Amino acid sequence: MTHYNLTHLEKLESEAIFVLREVAAQFERPCLLFSGGKDSIVLAHLSKKAFYPANIPYPFLHIDTGHNFPETLEYRDAYVKKLNAQLIVGLVQNSINKGRVKEETGKYASRNYLQTTTLLDTITEHKFDCAIGGGRRDEEKSRAKERFFSHRNEFGQWDPKNQRPELWDIYNGRKNVGEHFRVFPLSNWTEMDVWQYILKESIDIPQIYFSHKRRCLIRDGVILAYSDYLNLDDEEEQNIKIMTVRCRTVGDMTCTGLATSSAHTVEEIVKEVAQLRSSERGSRADDKRSETAMEDRKKEGYF
């Protein structure tokens with residue numbers, strides 16, 4: 001792939017669109033993992049560019065824990081409608097009802113870990129052979145081990161030692177029956193790249209990414225949004241307070257850490273991100289369960 005006097009963002013855009021078109025060419029039933037978070041929004045925007053004026057040739061898939069931020073779900077539905085795309089929702093609650101997974105209990109209970117089973121079941125149900133995700137190598141150390149085309153075996157599991165080489169922008173999507181791929185077109189992007197691209201393209205994003213006042217509590221150094229989904233002890237109940245915060249990354253409300261911020265515009269977010277020295281997932285409570293929490297989940301079939 002040759003780049004002709006392109007800016008940094010134009011090179012990243014060109015690379016991502018090339019990967020998306022490779023997905024459409026190599027796979028029969030791909031889908032795009034769409035949560036209403038900024039990375040999946042950028043992927044949706046790139047998908048529109050990649051196949052315009054035709055409609056996006058794959059459905060969007062959201063694994064809904066039932067404990068999502070309401071603002072994100074409202075945005076998800078509105079944006080999918082705007083793009084005239086198909087949305088498939090896999091519900092963790094259905095997996096619980098069927099006995100496929102067991103609801104966690106206790107103070108640190110979260111449905112975030114339960115998403116893996118729902119994701120793999122939904123992939124099997126719809127016979128998807130590729131799931132496009134917004135993972136970036138700068139997010140977390142296990143993400144850095146991913147290729148653009150990430151092979152999953154017949155059980156949906158990932159083996160970081162068995163990744164295929166990707167020399168000269170050649171991607172190998174060959175697989176056996178029952179296997180599938182996860183594809184990450186934003187692999188080489190950083191958090192700053194994503195925000196600068198959102199600014200450049202004037203992409204609408206959920207209001208939760210901007211500074212706002214919210215009832216919060218601090219648990220083990222992580223700022224969490226107060227909700228009925230949290231199991232609070234007496235001390236936490238007494239320490240709920242109004243804080244001015246925003247999301248850097250969006251997931252289940254039980255584990256998504258918020259950041260104190262005064263950024264009310266995308267321009268202000270770009271300036272804020274330029275000064276940050278902590279990783280974007282550094283405040284995710286689900287990543288703090290162990291040193292290898294993310295990698296362990298990915299091996300089991302997580303995003």
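Residues numbered from 1 in each chain as written. Predicted model: local features only at pLDDT ≥ 70, side-chain atom pairs only at ≥ 80, totals over all residues. Heavy atoms only, no water.

A. Spatial organisation of the packing of helix α1 (residues 8–26) against helix α2 (residues 38–51). Their axes nearest at 9 Å, the elements α1 and α2 cross at an angle of 70°. Regarding the angle of α1 to α2, the classification is roughly perpendicular. Where α1 abuts α2, its residues Glu13, Ala16, Ile17, Leu20, Arg21 and Ala24 lie against Leu43, Leu46, Ser47, Lys49, Ala50 and Phe51. Among the residues making up the contact of α1 with α2, the classes are represented as eight nonpolar, one polar and three charged. (Axes fitted to C-alpha atoms, helices over the stretch in contact; angles between N-to-C directions. Helix = DSSP H or I, 4+ residues; strand = E, 2+ residues; numbered from the N terminus. Parallel < 35°, antiparallel > 145°, perpendicular 65-115°, else oblique. Contact = heavy atoms within 4.5 Å. Nonpolar A, V, L, I, M, F, W, Y, C, P; charged D, E, K, R; others polar.)

B. Up close: the packing of helix α6 (residues 191–201) against helix α8 (residues 266–275). At a minimum axis separation of 9 Å, α6 and α8 run at an interaxial angle of 165°. With respect to α8, the element α6 is oriented roughly antiparallel. α6 and α8 meet at a crossing whose hand is left-handed. Of α8, the residues touching α6 (which contributes Glu191, Met192, Trp195, Gln196, Ile198 and Leu199) are Val266, Glu267, Ile269, Val270, Val273 and Ala274. For the contact of α6 with α8, the per-class residue count stands at nine nonpolar, one polar and two charged. (Left-handed = near helix turned anticlockwise from the far one by under 90°.)

C. Spotlight on α6. Most of α6 sits inside the fold, with eight of its eleven residues counted as buried. For α6, the full list of buried residues reads Glu191, Met192, Asp193, Val194, Trp195, Tyr197, Ile198 and Glu201. Buried positions along α6 lie against α1, α2, β9 (241–247) and α8. Ser202 sits one or two residues past α6 and shows a positive phi near 55°. (Buried < 20%, exposed > 50% of the residue type's maximum accessible area, 1.4 Å probe, protein only.)

Fair warning: the whole summary comes from geometry, so function is off the table for now.
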